[in-house]
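Residue strings, one per chain:
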Amino acid sequence: MSGEFAIEARGLTKRFGKLVAVSHLDLDVPRGQIYGFLGPNGSGKSTTIRMLCGLLMPSDGSARVLDTEVPGDARQLKPRIGYMTQKFSLFGDMTVLENLQFIAEIYSYPRRERAERIEELLERYDLRGQRRQLAGTMSGGQKQRLALACAVLHRPELLLLDEPTSAVDPRSRRDFWSALFRLAEAGTTILVSTHYMDEAERCHRLAILDHGVKVADGTPSELQANTGMHVVEVTSSDPYHAQLVIADIPAVASVTQLGVRLRVLIPESHANPVGLVEEAMRAAHLDTQAKLSTASLEDVFVAVTLQPRSKAA
Amino acid sequence: MKSLSRILAVLRKEVRQLRRDRLTFGMVVGLPVMQMLLFGYAINTDVRNLEAAVADQANTHLSRQFVAELEQTQVLDIVERQATPQQLETLLRQGAISIGIYIPHDFDRRMVDQGRAASHLLVDGSDPTILGVANQLRAMPFGFDTGNPGHAAPQVIEVRPFYNPERRTPVNIVPGLMGVILTMTMILFTAVAIVRERERGNLELLINTPVSSLELMVGKVVPYILIGMLQLALILAVGRLLFDVPVRGSIVDLYLAATAFIAANLSLGLFISTAARTQFQATQMTVFILLPSILLSGFMFPFKGMPELAQWLGELLPNTHFIRLTRGIMLRDAALSELPGDMAYLLGFTIVAMTAAALRFTKRLD
């Protein structure tokens, strides 16, 4: 058995002209885990994944992927990696079966076991009814299952998934994630990028990317425990005005409205965060209840991606 | 009013997009300029400097004067002197000359005796323009003294068109048309084949698999070679059945030449596909190749009649060489071994274009 990490990246950087898409990224992805990349669009998730599978040449830095230097001999790495593109990239004018057969041939999957493997995948990813359907005419969820089936057909050690669930409904997303857990259970390392908090929460570990920089990483619970912020949940009958008032409190790092509730982040250095909010509410004659809450992943995300606030007030 | 502003919005958008699509913009400027240059310079029906050889068996004062007059017209450029008309025919079949001038040993006597023409122009009838030129030469009045003042102007020249004695247009057109059709379809098919996969995102999937650039290229090209063969068979069959176009040489030679030509075009198509970003761009670039392949290849106008620059450009095009091969094999019964230069060029072109395409097609996205 080789190293503990499936992916180790050091100082990985990608520049497109003047734009720095990924900046000095260090990454350790343990084997057999689901590792999440959480970040908004344009945070460098896709670019990183593309560098890791040799699709893009890093401007700087390097990575070891499955004990192979990247950039380096990508050819011997390709058979060990499965990659699912953000956009559906299979052949829309070929049937489900034909697509799977093509992938099996391209990866030189042992000829005698091909039919059996394909049947197994059709079964597992619930595509038996679609085997003669043209891939281009399927629903978003079906396309996504086919893409996953094709990505794992050759039993890769490492699976790179670039926003795999961005085009599917919640039900399909749930099914998709249980499939991922099953793969991880069998020893596959999975790197998955997403901008859904609930998906990030399911990962064993995750890294939060913002503007090409890794701003936090760890297990979801570690991240939630170490935000460096108090989370105060405020319930108000007039959340709009309450939000305006709270945003004006100098110590407050951020306010996010969730229906009638407000999530308020206040640095941990502050001794009495609930009192601070209640005082401001009383002064503004607003009827509210405030209580301390535990950080959700969304709070973590907000906390670590906060621009250094230049508070005028 | 509202409608107008909406129209203007669309109009501005189009101009903006067009400006950013540099290739299309280049075509907007490039295509008309290229066409003008081609039509203006290359397409010149006043043919000059056709390569000719002379077999002067008379070799008298009068015959030398006759040859000198022919040369003075500047229509002919006498590149070789041969002893027998058989040697002229060989040169003609190899495509080395367009016209052979045969002067029999009794030239002087024939000039006086009006029964028979004094000389023969052996003409490559596989090119209709050359035949036209030969007929003009026949009508030309000769300034020298025929020694026969009492009679009407004697018949000095008899034109003998070879390879297409009935002067039927399809016989001249079909061998060249084959090249044009194959150029169009082969380049377009392959150029679009890869670009389409890039547009649809398939390429991102493919380059993440173990398939290598060369494997991908070869796998894409081979089916189209077969399609090209099928097209060739169709053209030959239609030519034969409807227009009675002969294949005088070996059909094997013809297919060998076509294989090399198809491979050359497919390689060129692949190269285009590595440069074009969209299917539309690939189509435009194909037109850019197709136009000179029609105009400069010798298909429409005799190659030697074009100005030097146009000939130089024409020499670069695979179609020029293929048309020489097809006319040679189909009409003049030439063997492939008699036309080694053109075959070699097609093979060389294929290797160069294929290598360039494989180098340009890196298995990366940046």
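Nothing here was measured: the structure is a model prediction, and the numbers come from that model.

Engineer: Please give an account of the domain arrangement of chain A that cites residues and values.
Structural biologist: On domain assignment, one finds that chain A holds domain 1 (5–224) and domain 2 (228–294). Here domain 1 of chain A and domain 2 of chain A have C-alpha centroids that lie 39 Å from each other.

Engineer: Explain the pattern of salt bridges residue by residue, including any values.
Structural biologist: Residues and elements named next belong to chain A. Taken as a whole and assessed by the stated rule, the structure comprises 28 salt bridges over all chains. A salt bridge links Lys291 to Glu233; the shortest N-O distance between them is 3.4 Å. Linking Lys291 in strand S14 (residues 288–293) with Glu233 in strand S11 (residues 229–236), this pair joins segments that are 58 residues apart in sequence. A relative accessible area of 49% means that Lys291 is categorised as partly exposed. Through salt bridges that share partners, Glu233, Arg261, Arg263, Lys291 and Asp299 make up one connected network.

Engineer: How would you explain the confidence of the model for chain A if you had to name every residue and give the values?
Structural biologist: Residues of chain A with pLDDT of at least 70 account for 97%, and the chain-wide mean is 89. Below a pLDDT of 50 lies the segment residues 309–313 of chain A, which in the model reaches 11 contacts outside its immediate sequence neighbourhood of four places, other chains included.

Engineer: So what about the sheet that holds strand S5 (residues 68–70) of chain A? Which residues, and what values?
Structural biologist: All names here are of chain A. With antiparallel pairing, the four strands of this open sheet are ordered in space as S2-S1-S4-S5. Every interior strand has two partners, whereas the edge strands, strand S2 (19–30) and S5, have only one. Each strand of the sheet is rotated relative to its neighbour by a mean of 20°, with strand direction disregarded.

Engineer: Lay out helix H6 (residues 128–139) of chain B in plain terms, naming residues and giving numbers.
Structural biologist: All names here are of chain B. If you check H6, its first and last C-alpha atoms are 17 Å apart, about what 12 residues at 1.5 Å a residue would give, namely 16 Å. Every buried residue of H6 is accounted for by Ile130, Leu131, Val133, Ala134 and Leu137. Relative to the axis of H6, the buried residues are bounded by an arc of 160° and lie together on one face. Turned more than 90 degrees from where H6 packs its buried face, Gln136 and Ala139 sit exposed.

Engineer: Let's hear about the pairing of strand S13 (residues 261–267) of chain A: which residues, and what values?
Structural biologist: The side chains of a regular strand alternate, first on one face of the sheet and then on the other. Residues and elements named next belong to chain A. Here S13 lies mainly inside the structure; five of its seven residues are buried. Where S11 lies against S13, seven bridges are found, and the strand directions are antiparallel. Within S13, the residue paired with His230 across the bridge is Ile266. Bridge count between strand S12 (residues 254–258) and S13: five bridges; the pairing is antiparallel. Residue pairing across strands places Val255 opposite Val264, the latter belonging to S13. Counted along the chain from S12 to the antiparallel partner S13, the turn is two residues long, and its residue Gly259 has a positive phi close to 65°.

Engineer: Go over the packing of helix H3 (residues 96–106) of chain A against helix H4 (residues 111–124) of chain A, please, and point to the residues and values.
Structural biologist: All names here are of chain A. Taken N-terminus to C-terminus, the directions of H3 and H4 make an angle of 130°; their axes are 10 Å apart at the nearest point. Considered as vectors, H3 and H4 are oriented oblique to each other. Helix-helix and strand crossings are classified by hand; for H3 and H4 the assignment is right-handed. Contacts from Val96, Leu97, Leu100, Gln101, Ala104 and Glu105 in H3 reach Arg114, Ile118, Leu121 and Leu122 in H4. Partitioning the contact of H3 with H4 into residue classes produces seven nonpolar, one polar and two charged.

Engineer: Residue-level account of a nonpolar patch on the surface, with values.
Structural biologist: All names here are of chain B. Side chains of Met1, Leu4, Ile7, Leu8, Leu11 and Val15 sit close together on the surface and give an oily, nonpolar patch of about 600 Å² of accessible area. Among the secondary structure elements, Met1 is positioned in the segment before helix H1 (2–20). On the accessibility criterion, Met1 (80% relative accessible area) is exposed.

Engineer: Provide a residue-level description of the pairing of strand S4 (residues 60–65) of chain A, including the pertinent values.
Structural biologist: Residue and element names in this part refer to chain A. Here strand S1 (residues 5–16) pairs with S4 via five bridges, running antiparallel. Bridged to Ile7 within S4 is Val65. Here S4 runs beside S5; their pairing, made up of three bridges, is antiparallel. Of the residues in S5, the one forming a bridge with Arg64 is Glu69.

Parameters and conventions
Residues numbered from 1 in each chain as written. Chains lettered and ligands numbered in written order. Predicted model: local features only at pLDDT ≥ 70, side-chain atom pairs only at ≥ 80, totals over all residues. Heavy atoms only, no water. Domains from an automatic or database assignment. Salt bridge = Lys/Arg side-chain N within 4 Å of Asp/Glu carboxyl O. Helix = DSSP H or I, 4+ residues; strand = E, 2+ residues; numbered from the N terminus. Buried < 20%, exposed > 50% of the residue type's maximum accessible area, 1.4 Å probe, protein only. pLDDT = per-residue confidence, 0-100. Contact = heavy atoms within 4.5 Å. Pairing = 2+ DSSP bridges. Axes fitted to C-alpha atoms, helices over the stretch in contact; angles between N-to-C directions. Expected span 1.5 Å × (residues − 1). Arc of directions from axis to C-beta. Parallel < 35°, antiparallel > 145°, perpendicular 65-115°, else oblique. Left-handed = near helix turned anticlockwise from the far one by under 90°. Nonpolar A, V, L, I, M, F, W, Y, C, P; charged D, E, K, R; others polar. Patch = residues over 30% accessible without salt bridge, like charges linked within 9 Å, V, L, I, M, F, W, Y side chains within 5 Å. Areas by Shrake-Rupley, 256 points an atom, 1.4 Å probe, with all protein chains shown as cover.

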